[in-house]
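Observations on the model geometry
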Amino acid sequence: MFELHTYRSGTEFPDYFYYQAQTFQRLEWNDSEDYDIEWGVNAPSMHVLVAKGKSLISYTEIIWTNLQVVGQSYKCYGLSGVLTFPAFRKRGFGGQVIDAATALIREDPAADVALLWTQPHNVHFYSEHGWQPMPNMITTTGDPSQPEVYIEEMRMMLFLSARGKQARASFEQGQVYVGEGTW
């Protein structure tokens, strides 16, 4: 039986799911980075997944940070490491995970926005789950005094609070520093 699981902290996230997610991410996104498999075990994050017993089927991690846009700080949630094992794709498991993660993000009354990056062929999928493409938004990473533009993937957002919704144009047409790297 397939079950949806939500873990609200990295410390309650079972190691057997964590290592499966990390292993698949390393295979899926082979970008020659030096991966540290222990990096996220206790990182401040939440995890949503579908599993069959102890076998991971579909997964995402939810992080949070503050984004700086036009001199203002916004509480931002982000989806990271979204995956569904190939044998289980096109069966609705990814949608279950995204819907549950989006609902979890929406629970926080302090959340202003949410952000993810994806390949262009996935834009329709995320749009079906309420995320909005931001093709003109520029995201920067790295040293805040000399940030670099990150242009590898499409940006998609949720606008959650009244404050976040009011700043939509600044996000859509502006430059957003997301930190040392993307998630």
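Data block above holds the structure.
Residues numbered from 1 in each chain as written. Predicted model: local features only at pLDDT ≥ 70, side-chain atom pairs only at ≥ 80, totals over all residues. Heavy atoms only, no water.

**Structural notes on the pattern of salt bridges**
Applying the stated criterion across every chain, the model contains 4 salt bridges. Its salt-bridge partner being D112, residue R163 comes within 3.4 Å of it at the nearest N-O pair. Remark: D112 occurs in the loop between helix 2 (93–106) and strand 5 (113–118) and R163 occurs in helix 4 (residues 162–166); sequence separation between them is 51 residues. You can call D112 buried: its relative accessible area is 8%. (Salt bridge = Lys/Arg side-chain N within 4 Å of Asp/Glu carboxyl O. Helix = DSSP H or I, 4+ residues; strand = E, 2+ residues; numbered from the N terminus. Buried < 20%, exposed > 50% of the residue type's maximum accessible area, 1.4 Å probe, protein only.)

**Remarks on the packing of aromatic side chains**
Considering all chains together, one arrives at 14 aromatic pairs under this definition. With a centroid separation of 5.9 Å and an interplanar angle of 50 degrees, the aromatic rings of W64 and Y77 are classed as tilted. You can see W64 sitting in strand 3 (residues 55–69) and its partner Y77 sitting in strand 4 (residues 72–84), a full 13 residues away along the chain. For W64, a relative accessible area of 34% gives the class partly exposed. Pairing W117 with Y150 gives two aromatic rings, centres 5.9 Å apart and planes at 85 degrees, and the pair type is edge-to-face. (Phe/Tyr/Trp six-rings, centres within 6.5 Å; stacked < 30°, edge-to-face > 60°.)

**Some points on helix 2**
Here helix 2 contains 14 residues, and its C-alpha end-to-end distance of 20 Å stays within 8% of the 20 Å for a straight helix at 1.5 Å per residue. Where burial is concerned, most of helix 2 is hidden: 10 out of the 14 residues are buried. (Expected span 1.5 Å × (residues − 1).)

**Quick word on the environment of T23**
Here T23 shows up in helix 1 (residues 15–28). Looking at T23, its side chain comes within polar contact range of the main-chain oxygen of Y19, at 2.8 Å. (Polar contact = N/O pair within 3.5 Å; in protein donor to acceptor, adjacent residues only side chain to side chain.)

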